[in-house]
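Chains, contacts and geometry: an overview
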Amino acid sequence: MRRTINWAGDAIEIIDQRALPGVYRTLRLSTIDELIDAIRTLAVRGAPALGAAGALGVALSALIHDGDENAVRADAKRIADARPTAVNLSWGVRRALAFLPDGHELVLAGAMALLDEDERVNRKASERAAEFVLDRCGRRPLRLLTHCNAGRLATVGWGTALGVVWHLRAAGHLDHVFADETRPLLQGARLTAWELAEAGVPYRLLPDSAAASAIARDLVDCVVVGADRIAANGDVANKVGTYPLALAAARHRVPFVVVAPMSTVDPEIPDGGGIVIEERPAGEVTEFAGHRVAPANAAVFNPAFDVTPAELITAIVTEEGFYPFG
Ligand SMILES: CSC[C@H]1O[C@H](OP(=O)(O)O)[C@H](O)[C@@H]1O
């Protein structure tokens, strides 16, 4: 299956996620400005995919600026600053920068190693999470609820939360998936539903505001989501709307499981209070499909993420085990 992001000779190639589900197209990003625009407009998105974008961005800059390390480091900072919440973006930039003194070829090799590692790590983390879900919920056809898109489109390949779906489906233990549409950019309706349909997995799309009712009405066996930054104490930043899901799951004793690679853990941040939450443009809320749905100049609160406290999370599952360790 095609990677969500890859190197293509002298440019970065991505699946343009803004166009899905209606149009499947790829974009070639040949400049740093094109890459930064793709990150900011969510043509490429999702923490692990952003890690790959950061690493490949440094490789592209090293190719463009051939030996001018200061120019590459300036580009690297611009790339890392493109979106503040997912730790993977700056992590991917740092991983590639470590090879800068060795020249472009080795920077690219370092970036490609990160891409190769991503799918392996996601398969391991999601396999571990699927086993946890079966142990907790029973080895029977399960009804999962997920939020936003934490599938292969959010990673280089395979996915994190949706990686659990692939494992459970293969084992015969999946009934269906409830997919939150995930306003305002509709990653659930546009991307998760598209991935599930492509894979032939039964799903039901729901408004975010209906998710707590689905849980309250005993329609959900387990909530499984991804993450963008995990603080040292296990507080999790993820797409806005995750925190209320965790509240509803806790109230109704439904397991709430976070699946993420260790690269999404930020040990430098002691708790969720230190995670920078990206604020996005008002137009994402006041317009829908190009039509204004609110009064002109309406004041808007549009955080792209929220923080779920560790005490509301049943398990954070990584390729290395259950975080926090010990
Ligand atoms: C597997 S990371 C996916 C994670 O990233 C998404 O945010 P965005 O679409 O803004 O990049 C969302 O928080 C997902 O859970």
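Criteria and cut-off values
Residues numbered from 1 in each chain as written. Predicted model: local features only at pLDDT ≥ 70, side-chain atom pairs only at ≥ 80, totals over all residues. Heavy atoms only, no water. UniProt positions renumbered as here; feature names shortened; annotations may be inferred. Helix = DSSP H or I, 4+ residues; strand = E, 2+ residues; numbered from the N terminus. Buried < 20%, exposed > 50% of the residue type's maximum accessible area, 1.4 Å probe, protein only. Contact = heavy atoms within 4.5 Å. Arc of directions from axis to C-beta. Near = heavy atom within 4 Å. Polar contact = N/O pair within 3.5 Å; in protein donor to acceptor, adjacent residues only side chain to side chain. Areas by Shrake-Rupley, 256 points an atom, 1.4 Å probe, with all protein chains shown as cover. Nonpolar A, V, L, I, M, F, W, Y, C, P; charged D, E, K, R; others polar. Domains from an automatic or database assignment. Phe/Tyr/Trp six-rings, centres within 6.5 Å; stacked < 30°, edge-to-face > 60°. Lys NZ or Arg CZ within 6 Å of the ring centre and 35° of its normal. Salt bridge = Lys/Arg side-chain N within 4 Å of Asp/Glu carboxyl O.

If you check an unreviewed UniProt entry, the protein chain appears there as Methylthioribose-1-phosphate isomerase from Amycolatopsis alkalitolerans. Turning to the protein chain, the UniProt annotation filed under Sequence similarities (unreviewed entry) states: "Belongs to the EIF-2B alpha/beta/delta subunits family. MtnA subfamily." Recorded in UniProt for the protein chain, the comment headed Function (unreviewed entry) runs: "Catalyzes the interconversion of methylthioribose-1-phosphate (MTR-1-P) into methylthioribulose-1-phosphate (MTRu-1-P)."

Here we take up the UniProt feature "active site" (unreviewed entry) in the protein chain. Per the UniProt annotation, the sites labelled "active site" (unreviewed entry) are Asp228. Within the secondary structure layout, Asp228 lies in the loop between strand S7 (222-225) and strand S8 (229-231). On the basis of relative accessible area, Asp228 is assigned to the buried category, the value being 8%. Excluding residues that lie within four positions of it along the chain, Asp228 makes contacts with Ala47, Thr85, Ala86, Val87, Asn88, Ala237, Asn238, Lys239, Thr264 and Phe305.

The next point concerns helix H1 (residues 32-40). Within the sequence span of H1, burial applies to Ile32, Leu35, Ile36, Ala38 and Ile39. Buried residues along H1 cover an arc of 160° about the axis, so they all sit on one side. Check the buried side of H1 and you find it contacts strand S2 (12-15), strand S3 (26-29), helix H2 (47-64), helix H3 (69-80) and helix H4 (87-97).

The ligand sits among 17 residues. The nearest are Arg45, Arg83, Asp228, Asn238 and Lys239. Here an oxygen atom of the ligand and a side-chain polar atom of Asp228 are 2.5 Å apart. Contact distances for the ligand include 2.7 Å between an oxygen atom and a side-chain N or O atom of Lys239. Protein contacts shield 100% of the accessible area of the ligand, which totals 410 Å² for the unbound molecule. Elements that contribute at least two residues to the shell around the ligand include exactly H2 and strand S9 (236-239). Residues of the shell around the ligand, tallied by class, amount to eight nonpolar, five polar and four charged. Each of domain 1 (5-117) and domain 2 (127-323) contributes no fewer than three residues to the shell around the ligand.

Applying the stated criterion to the full structure yields three aromatic pairs. Ring plane angle 55° and centroid distance 5.4 Å describe the contact between Phe132 and Phe322, whose orientation is recorded as tilted. Taken together, the positions of Phe132 in helix H5 (residues 104-137) and Phe322 in strand S16 (residues 321-323) put the pair 190 residues apart, joining distant regions of the chain. Among the residues examined, Phe322 registers a relative accessible area of 36% and is labelled partly exposed. Pairing Tyr323 with Phe325 gives two aromatic rings, centres 5.4 Å apart and planes at 85°, and the pair type is edge-to-face. The positively charged end of Arg123 is found above the aromatic ring belonging to Trp158, 3.9 Å away from the centroid. Between the NZ or CZ atom of Lys239 and the centre of the ring of Phe305, over which it lies, the distance is 4.1 Å.

Our focus in this paragraph is the pattern of salt bridges. Scanning all chains against the criterion turns up 20 salt bridges. Taking the shortest distance from any N to any O, the salt bridge between Glu13 and Arg2 comes out at 2.8 Å. Within this pair, whereas Glu13 is found in strand S2, its partner Arg2 is found in the segment before strand S1 (5-7), the two being separated by 11 residues in sequence. Of the residues examined, Glu13 reaches a relative accessible area of 22% and is grouped as partly exposed. Across the pair Arg143 and Asp218 runs a salt bridge whose closest N-O atoms are separated by 4.0 Å. Highlighted residues: Arg143 in strand S4 (residues 142-146) and Asp218 in the loop between helix H8 (211-216) and S7, separated in sequence by 75 residues. Each of the salt bridges in this network shares a partner with another, and the network as a whole consists of Arg83, Glu278, Arg280 and Glu284.

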